[in-house]
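# Structure assessment
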Amino acid sequence: MDTRQLEYFVAVAEELNFTRAARRLFAVQSTVSAGIRSLEHELGAALFERSSKRVELTSAGVALLPEAHAAIEAIDRVRGAVTLTKRGIRGRLRVGIFTHLDFVDLPALFGEFHERYPLVDLQLGASPSGSTGLADNVRRGRIDVAFMGLPAQDLAGFRVLELASSAFVAVLPAAHPLAGKESVSLAELAGELWVDAPEGFGNRIAVERAFAAAGLGRTVKAEVADLGEVPRFVRAGLGVAVLPLITYRPTPGIVLLPLDDGIGWMLSAISRPKPSPAIAALLELLAERMPLGVG
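A few points on the structure. The shown structure was predicted, so the numbers you read here are calculated from the model rather than taken from an experiment.

Conventions we followed
Residues numbered from 1 in each chain as written. Predicted model: local features only at pLDDT ≥ 70, side-chain atom pairs only at ≥ 80, totals over all residues. Heavy atoms only, no water. Helix = DSSP H or I, 4+ residues; strand = E, 2+ residues; numbered from the N terminus. Buried < 20%, exposed > 50% of the residue type's maximum accessible area, 1.4 Å probe, protein only. Contact = heavy atoms within 4.5 Å. Areas by Shrake-Rupley, 256 points an atom, 1.4 Å probe, with all protein chains shown as cover. Lys, Arg positive; Asp, Glu negative; His and termini not counted. Charge placed at Lys NZ, Arg CZ, Asp CG, Glu CD. Pairing = 2+ DSSP bridges. Axes fitted to C-alpha atoms, helices over the stretch in contact; angles between N-to-C directions. Parallel < 35°, antiparallel > 145°, perpendicular 65-115°, else oblique. Left-handed = near helix turned anticlockwise from the far one by under 90°. Nonpolar A, V, L, I, M, F, W, Y, C, P; charged D, E, K, R; others polar. Core = buried A, V, L, I, M, F, W, Y, C linked by side-chain atoms within 4.5 Å. Arc of directions from axis to C-beta. Expected span 1.5 Å × (residues − 1). Polar contact = N/O pair within 3.5 Å; in protein donor to acceptor, adjacent residues only side chain to side chain. 1 Å grid on protein atoms, 1.4 Å probe; cavity = no way out; pocket = protein on both sides within 12 Å on 5 of 7 lines; lining within 4 Å. Points joined across faces, edges and corners; volume = space filled by probe spheres on them.

### Details of the overall build of the protein
Across its full length, the protein carries ten helices and twelve strands. Projected onto the principal axes, the alpha-carbon positions of the protein cover approximately 70 × 45 × 30 Å. Residues counted as buried form 48% of the 295 residues belonging to the protein. Residue pairs at least 24 apart in sequence account for 72% of intrachain contacts in the protein once pairs closer than 6 positions are excluded. For the protein, the exposed area adds up to about 14100 Å²; of that, 55% sits on carbon and sulfur atoms. When the 31 basic and 33 acidic side-chain charges of the protein are each reduced to a single mean position, those positions are 6 Å apart.

### What about the pairing of strand 4 (residues 120–125)?
Pairing analysis gives six bridges linking strand 3 (residues 91–96) to strand 4, with the strands arranged parallel. Paired with G91 across the strands is V120, a residue of strand 4.

### Some thoughts on the packing of helix 5 (residues 106–116) against helix 10 (residues 277–289)
At a minimum axis distance of 11 Å, the contact between helix 5 and helix 10 shows a crossing angle of 130°. Taken together, the axis directions place helix 5 and helix 10 in an arrangement best described as oblique. The interaxial crossing formed by helix 5 with helix 10 has right-handed handedness. Contact with helix 5, carried on its side by L109, F110, E112, F113 and R116, involves A278, A281, L282, L285, L286, E288 and R289 of helix 10 and no other residues of that element. Among the residues forming the contact of helix 5 with helix 10, the class breakdown is eight nonpolar, no polar and four charged.

### Points about the nonpolar core
Counting residues in hydrophobic clusters, the biggest one holds 57 residues, and the most contacted among them are F147, L189, L259, L267, L282 and L286. Looking at this core element by element, the count peaks at seven residues for helix 10. Residues in contact with L286, not counting those within four places in the same chain, are L109, F147, L161, L163 and A269.

### Digging into helix 2 (residues 18–25)
The complete set of buried residues in helix 2 reads F18, A21, A22 and L25. End-on view of helix 2: buried residues confined to an arc of 100°, all on one side of the axis. Check the buried side of helix 2 and you find it contacts helix 1 (3–15), helix 3 (29–43), strand 1 (48–50) and strand 2 (55–57). Just beyond helix 2, the residue with positive phi is F26, at close to 55°.

### Overview of helix 1
When the terminal C-alpha atoms of helix 1 are compared, their 18 Å separation across 13 residues agrees well with the 18 Å that a helix rising 1.5 Å per residue should span. In terms of burial, helix 1 is largely enclosed, as twelve of its 13 residues are buried. Among the residues of helix 1, T3, Q5, L6, E7, Y8, F9, V10, A11, V12, A13, E14 and E15 are the ones counted as buried. Where helix 1 begins, one side-chain oxygen reaches toward the backbone nitrogen of R4, 3.1 Å away; that side chain belongs to D2. Of the residues trailing helix 1, L16 is marked for its positive phi of about 50°.

### Focus: empty space enclosed by the protein
Evaluation of the coordinates by the stated rule reveals one cavity of 30 Å³ or more. Of the voids in this model, the largest cavity is the one considered here, and its volume is about 40 Å³. As for the largest cavity, its lining consists of F98, H100, S131, G149, F201, G202, N203, L227 and W265. Of the residues contributing to the lining of the largest cavity, the split by class is four nonpolar, five polar and no charged.

What follows is the structure, encoded as structure tokens:
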């Protein structure tokens, strides 16, 4: 048994599709299939039930999955410990990022990381399901570190580095009847049409929980994945919005008002509890460059 066989198994187990697993591993599908067959032969058990329409884990596969994750992570830490003393940190580092963090210079940050640790294979990507998808990817071992906007109570089981906090503000067209007020409440906005991020995004989860806690409802008519673009949709008359202040891009024709309800948002970086040297190095750099700030 070798590490690559376990990596093939984990990828197929998570994707439940040999083609997607091979693409994720930058491997040929026949190589992945052969690796799985070899692993099954060595273990003396079928790990997948295969048909022309679907792939499913057997009971043996379900039992193996957490152990395979643990074995891969342990081997990565062993390799990292050795290479750290010989040639500097090396390995693969997969990071889930947001595409609307204008207040963070991500290109410069990751450029500095690459300059410090050129032997680390740095891979960056976003999730269409926002923070929820990123957290699930870290939990399943698909990525190693993720920028995160989920509330703290949703991050149990992760190693969490808090990076920046922000209050939510109401985003209204300048001509809106409430635009002249000093502040506004969720109750005053509840009857409006809304522009918001898609379901699963951390900021939307925080707002919906605040509405539920207040016994209020609302109607989201437009979903925009790039939070920086939300004010333009508001300006166009498609609804009102609330956003973390540090995600707001200045937009003509828009008025920002404080929220009486005092909803907060936290940007964090998360990883699994036992980070490899490459993960620990990135978290250390984040802590250096992004000491907890308030927006």
